[in-house]
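Chain and residue survey
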Amino acid sequence: MVAERALPHLLRGPTSENKKSFLEVGPQDHIVWEIPPDFQGIMNYNPRHDIQDFLDLKNLNGKIPPLEYERLQNQVINRTKRQLEKAIGERFGVEKSTVVYFIKDGRLKSPDYPEPVVERYEKGRKFLAENGSTETAREAAEVEGIKKVQKLLANLTNTSETKIIIISPIGPAGSLYHDNIFYVVEQKDGLFEMTRFHSTLDYPGFLQAARTADPNYELPQEGKQITAAHFLINPAQTNKNLEEILEVFSLDQDTQPYSECLKVIEECTPLILSYINTLAENPVNINKIKSQINEIFTASDVATYKFQRSKQIVPCATYQIELSQYFEKFAPTGINFEQSGSDDPMPTRPVNHGCPGGQRGFSTGQSPQQLISLGLLIGASSVIDFAPFYRSNAQEDTSDFQCPGFKKDGTKCTYIVRYGSGIRKCPECETEATCG
């Protein structure tokens, strides 16, 4: 989906069209800043949009009532956290993920951002077109499709059992859209839950499934090839229960279990919070922001790999095989982990999952202390766990870092230790410092 995937964070750059505030507090211009070259282009998760959000938010401090500022701040923080959690799930093709919408004044809205959902989709379509997408027909169809979904949901009664199905099939070779997915929108307690699932169906299979769920589903014009745009612009309606829908749409079992994804996210939460803290304090601390995104993606890989090894079974799911093959390049005993010609000790693993564009890391230097802190955080228990992160010629780290300790209730400590503070014991969890 454009808004849910390409646009979890939209470009709010200094074009004439985009200078109105996304915070809906008046004609506040967006802050103009120099976007680094490796933040250019289309990718599943791009920190440039987080940076823009926090710059615009900071610009409102003292210009609007404190309670309104606090509300907007919480919205930006919560959105950033949820989008990173979703990106982690997409990294491994998690079996399902859910976003929540509601109808207000006939318009579809999200608790994560103030503008209507349709407007969000339209901004995303423009961003993709301006940044080189060659699949503009698909993206335009997605905007028109969400308009239809909005109209359908606005007309539902509170007791309606009608569900909306949105089909978003995989694109052709070279496409930005690597995932073969469908969404089920169902009404729960006055809200609308949109849950994403993976399917094994091809285009004809999707059409047959849509007609099975919705006998009135529109067919493509005679003699015309069916396209992704046809599916996206034509949501299906059905009264079938979720189990029947998943059977009809051939649920793909080659996915990461949702329960495992939650565990990985829990492992990465301290890093996510540290990343948000950096954005809140200094949104243009570009090198640190790059490094932290790399750490989040790498930590999610390490956590997933550890869960995989703990099962003591041969990897069989695609994401397990891909992860094992990648770590085998860096983690076997006796391998020299010195990566010549790279500033990173272990390059952030690129993946095609997460549309549009897939995920990749960013070029930046990391020192041994940063990586050891990361290893402690994710519970590395042996030399083999630390090995992929070692780089002997890196310089001394002078950055702040996350306390690797645990609180008395067993939860991970979130205290940020400032470089040069002289702290020998964490004031939050009382963990002793292990180095001078």
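The rules behind these values
- Residues numbered from 1 in each chain as written.
- Predicted model: local features only at pLDDT ≥ 70, side-chain atom pairs only at ≥ 80, totals over all residues.
- Heavy atoms only, no water.
- Buried < 20%, exposed > 50% of the residue type's maximum accessible area, 1.4 Å probe, protein only.
- Helix = DSSP H or I, 4+ residues; strand = E, 2+ residues; numbered from the N terminus.
- Contact = heavy atoms within 4.5 Å.
- Polar contact = N/O pair within 3.5 Å; in protein donor to acceptor, adjacent residues only side chain to side chain.
- Core = buried A, V, L, I, M, F, W, Y, C linked by side-chain atoms within 4.5 Å.

Apart from glycine, the bulk of residues carry a negative phi angle, and the bulk of peptide bonds sit in the trans form. One non-glycine residue, aspartate 105, lies in positive phi territory at about 55°. Take aspartate 105: its relative accessible area is 73%, and that puts it in the exposed class. With phi around 55°, aspartate 189 is a residue other than glycine that occupies positive phi space.

Another point: the environment of aspartate 38. With respect to the element layout, aspartate 38 can be found in the loop between helix H1 (2-6) and helix H2 (47-60). Aspartate 38 sits in the buried class, given a relative accessible area of 19%. As for aspartate 38 and arginine 48, which are separated by 10 residues in sequence, their C-alpha atoms are 9.7 Å apart. In this structure, aspartate 38 is in contact with Met43, Lys290, Arg360, Phe362 and Ser363, ignoring residues within four places of it in sequence.

Our focus in this paragraph is the environment of asparagine 59. You can see asparagine 59 is positioned in helix H2. When the C-alpha positions of asparagine 59 and isoleucine 31 are compared, they lie 7.5 Å apart, and in sequence the two are 28 residues distant. Engagement of the side chain of asparagine 59 in a polar contact is seen with the side chain of lysine 63, the distance being 3.0 Å.

Turning next to the nonpolar core. One finds Ile51, Ile88 and Tyr275 to be the most contacted residues of the largest nonpolar core, which totals 42 residues. Of all the secondary-structure elements, those providing two or more residues to this core are H2, helix H3 (66-91), helix H9 (258-281), helix H10 (286-310) and helix H11 (318-328). Non-local contacts of isoleucine 51, meaning those with residues more than four positions away in its chain, are made with Trp33, Phe39, Leu279, Pro283, Val284, Ile286 and Ile289.

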